[in-house]
Amino acid sequence: MAAAGSNLLSFRRSHFPVPRKQTIRAGFMPYADRNLTWRGELAATLRLAGPLAVANLLQMLTYAIDVIFIARLGDEQLAASALAIAVFGLVSWSLSALTGAVAPLVAAELGSGSRALRPVRRATRMALWLAVISGAAGMGLCLLLGPIMTITGQQPEIAELADGYMAVLAWALVPMILGNVLRNFVSTLGRPVLATVITALGIGINALANYAFIFGHFGAPALGLVGAGIATAITTCATFAAYVLAIRLDPALHRYRIFVRFWRADWARFRQLVRVGTPISLTVLAEAGIFGAAAFLMGRFGAAPLAGHTVALQIAALAFQVPFGVGQAATIRVGYFYGARDPEGIRRAGAVALAIGTGFMASTALLMIFTPGLLLSIYVDPALPANAALVGFALRYLKIAAAFQLADGIQAVAAGALRGLQDTRVPMWIAIFAYWVPGFGAALVLGFATPLEGTGVWIGLATGLVFAAALLIWRWTRRERLDLLAR
């Protein structure tokens, strides 16, 4: 295998010679510039992270629109949607992480100096295969929501609403994961702005579809909560179609011909994606799982605490999208230098990303402390008497969210940087331990063995994030001693 790789590399260099210090470009991203300064790395990371973070924020705005429309239906419908989204989000995020392994693999290939199209095409094609296969299995898991709600003791009327909503929402899963693969493809190849534009387009489609199918406008039936599920399915299908069209129309992306001979398998590449992506998926599952489980814990305290939890968590998740985007950029930037076998470039890319992510989260913590009412007004009207209980709980939870902002930013970026090194297995175990031993353990004890109830659950969430951040940053700083740079 080593000899074959050496011969292939020699073939590429002989047919596509690249000067040693020349910057290879696809879009605007330098893949393996050995002479990049700290300022240059900051600019390169911001150019990549900016559109990704904006796309993430716009994606959250898409979810926020769902919450805004559903909240008009009442506390029970909002609580039911929270339970369904807790399961759907858990499945969709973990499967998106599984197929998102295409980003570090493609980045490393480009960073190595290769101009061959085939490895990128095959990796992306197999990621799309994986999206369809895993998405179909994920739909089956989503449809188990009914038994899950019975086991966790949810209120029957809320459980019935959530089950009907999920029956429609599950159909959005496969196109959503397919769109995520294409988003990783265009971003890694230097077109992250496409993700921003397409996500913005999805917001408009989602708003119109929610307005039509929830309340019965434009000749559509008024379906209430089920209509919100139809709107999500329509939006994800339209978003996937937009990515396909954008790739077809962009010459730099179309040249990879990722849809040509789509039926042809590359099982070695498929196994590589599964090997790298499965720990990432389980890491996301561990993190998203504790937040999903928190929704079910909060449901034991009543509809108002659960609704307040839903709104406060939406605000915290909105803030998280920026360091999450920076973490995605760190995966790509570190992956470039990992492929180029440049330890200094790896160090510089990771340090810059960590500084950007933690700096932003410090500002969001201040907003949560000093302007919580303004943040809540994004989702609900705090002045309405009907929202008094919801707002009271949400304000209480936002104080704790402010406390864990820095930890959340650090763990997101550090995990992204380690993925750029294709180091995913140990970070998976770190996440499982941090979120489910000290994190979930504290949530259970403080939530149900003390008078804190929902506040105790949120303290448990904060505990898990702090442990994860500390352990991941420790591993990143010891990457050379742990031999993580060998390729």
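Before reading further, recall that the structure is shown in the block above.
Residues numbered from 1 in each chain as written. Predicted model: local features only at pLDDT ≥ 70, side-chain atom pairs only at ≥ 80, totals over all residues. Heavy atoms only, no water.

Points about the overall build of the protein
From N to C terminus, the protein includes 19 helices and two strands. Relative to the 2.2 N^0.38 estimate, which gives 23 Å for 487 residues, the radius of gyration of the protein is 22 Å and therefore close to what a compact globule would have. Summarising its shape, the C-alpha atoms of the protein cover approximately 70 × 50 × 35 Å along the three principal directions. For the protein, the residues scored as buried account for 57% of the 487 residues in total. For the protein, the share of sequence-separated contacts (at least 6 apart) that also reach a separation of at least 24 residues comes to 84%. (Helix = DSSP H or I, 4+ residues; strand = E, 2+ residues; numbered from the N terminus. Rg over C-alpha atoms; globule rule 2.2 N^0.38 Å. Buried < 20%, exposed > 50% of the residue type's maximum accessible area, 1.4 Å probe, protein only. Contact = heavy atoms within 4.5 Å.)

So, the packing of aromatic side chains
In the structure shown here, the tally under the stated rule is 13 aromatic pairs. Look at Trp 436 and Phe 440: their rings are 4.9 Å apart centre to centre, the planes differ by 45 degrees, and that puts the pair in the tilted class. Placement of the pair is Trp 436 and Phe 440 together in helix H18 (residues 425-448), with a separation of four residues, close to one helical turn. The rings of Phe 393, Tyr 397, Phe 404 and Trp 458 are connected pair by pair, giving a single aromatic cluster. (Phe/Tyr/Trp six-rings, centres within 6.5 Å; stacked < 30°, edge-to-face > 60°.)

As for the packing of helix H8 (residues 173-188) against helix H10 (residues 225-249)
The interhelical angle for the contact between H8 and H10, taken along N-to-C directions, is 30 degrees, at an axis separation of 8 Å. Between H8 and H10, the crossing angle belongs to the class labelled roughly parallel. Note that H8 runs across H10; the crossing there is left-handed. Of the residues in H10, those touching H8 at Pro 175, Met 176, Leu 178, Gly 179, Leu 182, Arg 183, Phe 185 and Val 186 are Thr 236, Cys 237, Phe 240, Tyr 243, Val 244 and Ile 247. Counted by class, the contact of H8 with H10 contains eleven nonpolar, two polar and one charged residues. (Axes fitted to C-alpha atoms, helices over the stretch in contact; angles between N-to-C directions. Parallel < 35°, antiparallel > 145°, perpendicular 65-115°, else oblique. Left-handed = near helix turned anticlockwise from the far one by under 90°. Nonpolar A, V, L, I, M, F, W, Y, C, P; charged D, E, K, R; others polar.)

Some points on the side chain of Thr 424
With respect to the helices, strands and loops of the structure, Thr 424 is situated in the loop between helix H17 (405-420) and H18. Residue classification places Thr 424 among the buried positions, given a relative accessible area of 6%. A distance of 3.3 Å separates a polar atom in the side chain of Thr 424 from the backbone oxygen of Val 276. Beyond its immediate sequence surroundings of up to four residues, Thr 424 is in contact with Arg 275, Val 276, Pro 279, Ile 280, Thr 283 and Arg 419. (Polar contact = N/O pair within 3.5 Å; in protein donor to acceptor, adjacent residues only side chain to side chain.)

Considering a nonpolar patch on the surface
A cluster of nonpolar side chains, contributed by Leu 208, Tyr 211, Phe 215 and Phe 218, occupies part of the molecular surface with about 420 Å² of accessible area. Note that Phe 215 resides in helix H9 (residues 192-215). (Patch = residues over 30% accessible without salt bridge, like charges linked within 9 Å, V, L, I, M, F, W, Y side chains within 5 Å. Areas by Shrake-Rupley, 256 points an atom, 1.4 Å probe, with all protein chains shown as cover. Salt bridge = Lys/Arg side-chain N within 4 Å of Asp/Glu carboxyl O.)

A closer look at helix H16 (residues 388-403)
Counted at 1.5 Å a residue, the expected span for H16 with its 16 residues is 22 Å, and the 24 Å between its end C-alpha atoms agrees. Within H16, the full set of buried residues consists of Leu 390, Val 391, Ala 394, Tyr 397, Leu 398, Ile 400, Ala 401 and Ala 402. (Expected span 1.5 Å × (residues − 1).)

Focus on helix H12 (residues 267-299)
When the local axis directions of H12 are compared, the greatest deviation, roughly 35 degrees, occurs at Gly 277, which is followed within four positions by the proline Pro 279. With 24 of its 33 residues buried, H12 lies for the most part within the structure. (Bend = angle between axes of the 7 residues up to and from the residue.)

Quick word on the environment of Leu 313
Structurally, the position occupied by Leu 313 is in helix H13 (residues 303-340). Note: C-alpha distance between Leu 313 and Glu 157 (156 residues apart in sequence) is 23 Å. Those residues within four positions of Leu 313 in sequence are excluded, and the remaining contacts are Phe 291 and Trp 458.

Concerning the nonpolar core
Note on soluble globular proteins: their nonpolar side chains tend to be buried together. Core analysis: the largest hydrophobic core is formed by 148 residues, its most contacted members being Phe 185, Met 368 and Trp 458. At 16 residues, the largest contribution of residues to this core is made by H13. (Core = buried A, V, L, I, M, F, W, Y, C linked by side-chain atoms within 4.5 Å.)

Observations regarding the pattern of salt bridges
Taken as a whole and assessed by the stated rule, the structure comprises six salt bridges. We note a salt bridge from Asp 250 to Arg 191, for which the minimum N-O separation is 2.9 Å. Of this pair, Asp 250 sits in the loop between H10 and helix H11 (251-254) while Arg 191 sits in the loop between H8 and H9, and the two are 59 residues apart along the sequence. Residue classification places Arg 191 among the partly exposed positions, given a relative accessible area of 22%. A salt bridge links Glu 344 to Arg 347; the nearest nitrogen and oxygen atoms lie 2.8 Å apart. Linking Glu 344 with Arg 347, this pair stays in helix H14 (residues 343-370), spanning three residues, or about one helical turn.

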